[in-house]
2 protein chains.
Amino acid sequence: MTDAACTVFVVDDDPSVRKGVQRLLRSAGFSTEGYTSAQAFLDGHDRAVIGCVILDLTMPGISGLQMQEALADSGSVLPIVFLTGHGDIPTSVRAMKHGAVDFLTKPVSDDMLLGAVRHAIERATVLEQEMREKHDIERRLATLTPREREVLTHLVRGRLNKQIAADLGTVEKTIKVHRARVMQKMQVRTLVALARLVQQAGIAVDSAG
Amino acid sequence: MTDAACTVFVVDDDPSVRKGVQRLLRSAGFSTEGYTSAQAFLDGHDRAVIGCVILDLTMPGISGLQMQEALADSGSVLPIVFLTGHGDIPTSVRAMKHGAVDFLTKPVSDDMLLGAVRHAIERATVLEQEMREKHDIERRLATLTPREREVLTHLVRGRLNKQIAADLGTVEKTIKVHRARVMQKMQVRTLVALARLVQQAGIAVDSAG
DNA sequence: TCACGCGTTGGCCCAAGGTCCAATTCCGTC
DNA sequence: GACGGAATTGGACCTTGGGCCAACGCGTGA
């Protein structure tokens, strides 16, 4: 994942700041997109793009913090670097608590800004990869029938076919069939790999010593 | 884990602040210990105690940020709530990046401080539990012979006994014996449970589809 | 009504794992 | 040199899992 394959969204109502930041980023090899307001960004940006956001705090309409929340609520994991001239400590702390990569104050040195952006892009790449894998797993999970999913949960708890059969009020042979289908649909050959998938997808399963 | 079972360490060179914070915390039901300097805290506090730290930023000798780093370097996971009268945004951001639970500025309301402390204690409880489990697993791992540990890594990658035997240049029967000993020493009965343990302990193992 | 997916069950055979027994070799320590 | 732990191997027996073929009932939608 090179920097050029990523996009830095610059959200700031001040045209001079926006242009200046974009010029700096472009000269450093990043693709950039400028937005004059949080609403314009929320409505207009391509959610499929991997990248990060450089976000002003105080803007007409939706503030930077509100946009951060809105973005998170929408399920986005786009890393955010705040860049503001009128911040205070409580605001910066709140932004960081909500997952911001950095909170920079104007004037900011080119190195500081570029460093923060590189860090954000790095995080974006990792998160994107994780999301891609998780969606892939969930896509496979969606192909399971209700019964197969039920068997799956028992399998990753380490239950034997016989035990699962007893739990579900059926016989071992039936579980064998479901089990084989689960393994096939989830595209794994070992139980360990299956457990790893389920755990990656973030499905809560009670463990059994 | 009740609040009373935890201790809040108050590190501040200003006696009036220290006393005031301690009085507030005690009235809220927390046990507290006061320290007049970061060095005194690093040298004197009981590392076995579960709790959190309320930390001043500017003190004679080691600063709050330096103490945060020193504590992290020493392997501590004690949550830190900064409380300062002379902070700035870069400092607060740096503190949050390094894992601080909160960064409060004086004057602070009782509710804000107590809320931050409760949050920190909650985090401490979770972290302590995780550390306890991890140490427990590592204690069991330490009882494995080098060969058994080698077999373990292959097992959690989903390899079959026969495959492991080929990899290690021996026969399946031998692996069976090692495998049985591994399961016994790690106190698990299923392969899934073993994989879970290894993963909890944070051991990096390449997965095999 | 018929095809289809789903859940179910049976039999059969083979592969793999789990558990007993016992034994050998090597190596460091007492 | 004896002793004990670690690693190794063998055999026997049982349990468990995996694959393959076949079949039945049931509800849904074509």
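Residues numbered from 1 in each chain as written. Chains lettered and ligands numbered in written order. Predicted model: local features only at pLDDT ≥ 70, side-chain atom pairs only at ≥ 80, totals over all residues. Heavy atoms only, no water.

Topic: the packing of helix α1 (residues 15–27) of chain B against helix α5 (residues 110–141) of chain B
All names here are of chain B. Across the interface, α1 lies against α5 with an axial gap of 11 Å and an inter-helix angle of 70°. Accordingly, the angle class assigned to the pair α1 and α5 is roughly perpendicular. Crossing angle aside, the handedness with which α1 passes α5 is right-handed. Taking contact as the criterion, the partners of Val21, Leu24 and Leu25 in α1 are, on α5, Asp110, Leu113, Leu114 and Val117. Of the residues assigned to the contact of α1 with α5, the class counts are six nonpolar, no polar and one charged. (Axes fitted to C-alpha atoms, helices over the stretch in contact; angles between N-to-C directions. Helix = DSSP H or I, 4+ residues; strand = E, 2+ residues; numbered from the N terminus. Parallel < 35°, antiparallel > 145°, perpendicular 65-115°, else oblique. Left-handed = near helix turned anticlockwise from the far one by under 90°. Contact = heavy atoms within 4.5 Å. Nonpolar A, V, L, I, M, F, W, Y, C, P; charged D, E, K, R; others polar.)

Looking at the sheet that holds strand β1 (residues 7–11) of chain A
Residues and elements named next belong to chain A. Read from one edge to the other, the open sheet built from five strands follows the order β2-β1-β3-β4-β5, with strand pairing classed as parallel. The sheet terminates laterally at β2 (31–35) and β5 (102–105), the two strands that pair on one side only. Sheet twist, expressed as the mean angle between neighbouring strand axes with direction ignored, is 20°. As judged from the five bridges shared by β1 and strand β3 (residues 51–55), these two strands associate in the parallel manner. (Pairing = 2+ DSSP bridges.)

Looking at the interface of chain B and chain A
It is common to report an interface's size as the accessible area lost on association of the parts. Counting from both sides, the interface comprises 28 residues of chain B and, opposite them, 28 residues of chain A. Interface area, chain B with chain A, both sides summed: about 2000 Å², of which 63% is carbon and sulfur. It is B:Ile89, B:Val192 and B:Arg196 in chain B that bury the most area against chain A; as a group they hold 27% of the surface buried on that side. One can count two salt bridges joining chain B with chain A. (Buried area = accessible area lost by both parts, 1.4 Å probe. Salt bridge = Lys/Arg side-chain N within 4 Å of Asp/Glu carboxyl O.)

So, the relation of the copies chain B and chain A
Relating one copy of the chain to the other takes a rotation about an axis and a shift parallel to that axis. Between the two copies, chain B and chain A, the superposition gives an RMSD of 0.1 Å; the rotation angle is 180° and the shift along the axis is 0.0 Å. The superposition operator between the copies reduces to a two-fold rotation axis. Considering only C-alpha atoms, the residue of chain B closest to the rotation axis is B:Ile89, which sits at 2.6 Å. A high fraction, 100%, of the interface residues of chain B reappear at the interface in chain A, so the copies pair face to face through one surface. (Least-squares fit on C-alpha atoms with pLDDT ≥ 70 in both.)

Side note on the protein's contact with DNA strand C
By nearness alone, 16 residues border DNA strand C, and A:Thr145, A:Arg147, A:Thr170, A:Thr174 and B:Lys162 come closest of all. Looking at DNA strand C alone, sugar and phosphate atoms form 67% of those within 4 Å of the protein. B:Lys176 places a side-chain nitrogen or oxygen 3.0 Å from a base oxygen of DNA strand C. Put simply, the parts of the chain that give the surface near DNA strand C at least two residues each are α6 (146–155) and α8 (172–185) of chain A together with α7 (161–168) and α8 (172–185) of chain B. (Near = heavy atom within 4 Å. Polar contact = N/O pair within 3.5 Å; in protein donor to acceptor, adjacent residues only side chain to side chain.)

Details of the packing of helix α6 (residues 146–155) of chain B against α8(B)
All names here are of chain B. Taken N-terminus to C-terminus, the directions of α6 and α8 make an angle of 90°; their axes are 9 Å apart at the nearest point. Accordingly, the angle class assigned to the pair α6 and α8 is roughly perpendicular. Contacts between α6 and α8 pair Arg147, Glu148, Val151, Leu152 and Leu155 from the former with Ile175, His178, Arg179, Arg181, Val182 and Lys185 from the latter. Taken together, the residues of the contact of α6 with α8 break down into five nonpolar, one polar and five charged.

So far we have only geometry, and geometry alone does not tell us how the molecule works.
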